[in-house]
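Topology and contacts: notes
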Amino acid sequence: MAYRVIQWSTGNVGRLALHGILEHPDLELVGLLVHSPDKAGKDAGELCGTGTVGVRATNDPDEVLALEADAVCYTATGDLRPWEAVDDLSRILASGKNVVSTSVVALVWPPGADPKAVAQLDEACRAGNTSCFTSGIDPGFANDLLPLTLSGFCERIDSVRIMEILNYNTYLQPEVLFDTMGFGKPLDHTPILLIPGILTQAWGPVVEMLAAGLGVKLDEVREEYERMPAAETYETPVGTVEKGTVAGLHFEIQGIVGGRPAIVIEHVTRMHDDVAPEWPQPLGKGCYRVLVEGNPNLTMDLQLIGEDGDHNTGGLVATAMRIVNAIPAVCAAPPGLVSTLDLPLVTGTHLMR
């Protein structure tokens, strides 16, 4: 059975998801929504480099929602427009189409997301008899599926720490890097990400999911951060970071159990490899590191390298394929918002075909 899929957006992740859908043996692309007028009318294959496939892009949501489809892969950005994204998702779900998404990151663990958004989406799932799954890499599989899998190898678990250690200067999303995260800004500037409570809003649900998966109750969730200025001006593929402005960001979201940080999401983000050499360093060009303290102690370093040799490209491909490969499982799931804890093991399907 081929699942009929609509791809919604062709940005950094969406273009790769589109490519993944076209290459997936169990999926059939039936529609494509784009936001740029310049892309409307173009063949889907032209927009992701596969050659003509016979599906033309449209920028009319009504047109794609009128199509017969089993699922929509929704990758439109949600960081700065979360309620617009929730409205989009609700409309899709109510139309009878299941959703896999990377956009509203708190929905990786629905019990930890905004109750109003969850209620709206639950109602849409009931109306359409549909399911909705949100994931990606971080928040996503790097800090839920991987640590929970490793925990199954332990007799005792004392703490779990998941680290993202990356140079972001090839992540070609200047709005995210400079406006949301505050790179290239003065140290006394407070970007959106560092407004008190925003780190917890974004990654707190992941900490809560890990606690639920490990069967522990959190006392509270805390957040902390530090920044590092550029020692010199850096010219990067995504833009200039002037000397003295923010070039490094190190933050933690801590799940407190028994008065101590027991479940921690940690990010070490640089715009140049020379920034803050005293901060944790990655394996290779960049990595996701899972540290489980207990019996036994476990350490896992995951490197993601794209076909172009870049670590950020590898991360974007993995982000896209986490949700694309989950489409059959999400279509088979009971109606409602689902998380990693609700789905069976999702595997790739390309090797043996």
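Each remark here, short or long, concerns the structure printed above.
Before going into details, it helps to say that this report is about the structure given with it. (Residues numbered from 1 in each chain as written. Predicted model: local features only at pLDDT ≥ 70, side-chain atom pairs only at ≥ 80, totals over all residues. Heavy atoms only, no water.)

**Thoughts on the sheet that holds strand 3 (residues 71-74)**
- Ordered in space as 2-1-3-4-5-14, the six strands form an open sheet in which the pairing is parallel. Looking at strand neighbours, the two that pair on one side only are strand 2 (27-33) and strand 14 (336-338), the edges of this open sheet. Geometrically, the sheet is characterised by an average inter-axis angle of 20 degrees between neighbouring strands, direction not taken into account.
- Note that strand 3 and strand 4 (residues 98-101) share four bridges and pair parallel. Bridge pairing links Ala71 to Asn98 in strand 4. (Pairing = 2+ DSSP bridges. Helix = DSSP H or I, 4+ residues; strand = E, 2+ residues; numbered from the N terminus. Axes fitted to C-alpha atoms, helices over the stretch in contact; angles between N-to-C directions.)

**Here's the deal with the nonpolar core**
- Ranked by internal contacts, the top residues of the largest apolar core, which has 88 residues, are Cys73, Leu177, Met181, Phe183, Trp203 and Ile265.
- Considering each element in turn, this core owes the most residues, eight residues, to helix 8 (residues 198-214).
- In this structure, Val64, Leu93, Leu121 and Ala124 belong to the second largest nonpolar core, which totals 26 residues. (Core = buried A, V, L, I, M, F, W, Y, C linked by side-chain atoms within 4.5 Å. Buried < 20%, exposed > 50% of the residue type's maximum accessible area, 1.4 Å probe, protein only.)

**A word on helix 1 (residues 12-23)**
- Here helix 1 contains twelve residues, and its C-alpha end-to-end distance of 18 Å stays within 8% of the 16 Å for a straight helix at 1.5 Å per residue.
- Where helix 1 is concerned, the buried positions are Val13, Gly14, Leu16, Ala17, Leu18, Gly20 and Ile21.
- On its buried side, helix 1 packs onto strand 1 (3-8), strand 2, helix 2 (44-48), strand 3 and helix 9 (311-324). (Expected span 1.5 Å × (residues − 1). Contact = heavy atoms within 4.5 Å.)

**Focus: the packing of helix 4 (residues 82-94) against helix 5 (residues 115-128)**
- The contact between helix 4 and helix 5 brings their axes to 7 Å, and the two run at 15 degrees. If you check the angle between helix 4 and helix 5, you find them roughly parallel. The two elements helix 4 and helix 5 cross, and the hand of that crossing is right-handed. Touching Trp83, Val86, Asp87, Leu89, Ser90, Leu93 and Ala94 of helix 4 are Lys116, Ala117, Gln120, Leu121, Ala124, Cys125, Ala127 and Gly128, all from helix 5.
- Of the residues that constitute the contact of helix 4 with helix 5, the class distribution is ten nonpolar, three polar and two charged. (Parallel < 35°, antiparallel > 145°, perpendicular 65-115°, else oblique. Left-handed = near helix turned anticlockwise from the far one by under 90°. Nonpolar A, V, L, I, M, F, W, Y, C, P; charged D, E, K, R; others polar.)

**Some thoughts on the side chain of Ser131**
- When you line up the elements, Ser131 lands in strand 5 (residues 131-134).
- With sequence-adjacent residues up to four places away left out, Ser131 is seen in contact with Leu93, Asn98, Val99, Cys125, Val330, Ala333, Pro334, Pro335 and Gly336.

**Observations concerning a nonpolar patch on the surface**
- Taken together, Leu80, Ile192 and Ile195 make up a surface patch of nonpolar side chains, about 240 Å² in accessible area.
- With respect to the secondary-structure elements, Leu80 resides in the loop between strand 3 and helix 4. (Patch = residues over 30% accessible without salt bridge, like charges linked within 9 Å, V, L, I, M, F, W, Y side chains within 5 Å. Areas by Shrake-Rupley, 256 points an atom, 1.4 Å probe, with all protein chains shown as cover. Salt bridge = Lys/Arg side-chain N within 4 Å of Asp/Glu carboxyl O.)

**With respect to the sheet that holds strand 10 (residues 246-257)**
- Pairing is mixed in the open sheet, where six strands are placed in the order 7-10-11-6-12-13. The open sheet terminates on both sides in strands that have one partner only, identified here as strand 7 (220-229) and strand 13 (298-302). Each strand axis lies, on average, 10 degrees off the axis of its neighbour in the sheet, ignoring direction.
- Inspection of the sheet shows strand 12 (residues 287-295) paired to strand 13 by five bridges, in the antiparallel sense. By the bridge assignment for strand 13, Leu291 is matched with Thr299.

**Overview of the packing of aromatic side chains**
- Following the criterion strictly, the structure yields three aromatic pairs and no others.
- Plain terms: the ring middles of Trp8 and Tyr74 are 5.7 Å apart, the flat faces sit at 40 degrees to each other, and that makes the pair tilted. Here Tyr74 lies in strand 3 and Trp8 lies in strand 1, a separation of 66 residues in the sequence.
- The buried category is assigned to Trp8, whose relative accessible area is 3%.
- Between Trp203 and Phe251, the aromatic rings sit 5.1 Å apart at their centres with planes inclined by 50 degrees, giving tilted as the arrangement. With Trp203 in helix 8 and Phe251 in strand 10, this pair connects stretches of sequence that are 48 residues apart.
- Residue classification places Trp203 among the buried positions, given a relative accessible area of 9%. (Phe/Tyr/Trp six-rings, centres within 6.5 Å; stacked < 30°, edge-to-face > 60°.)

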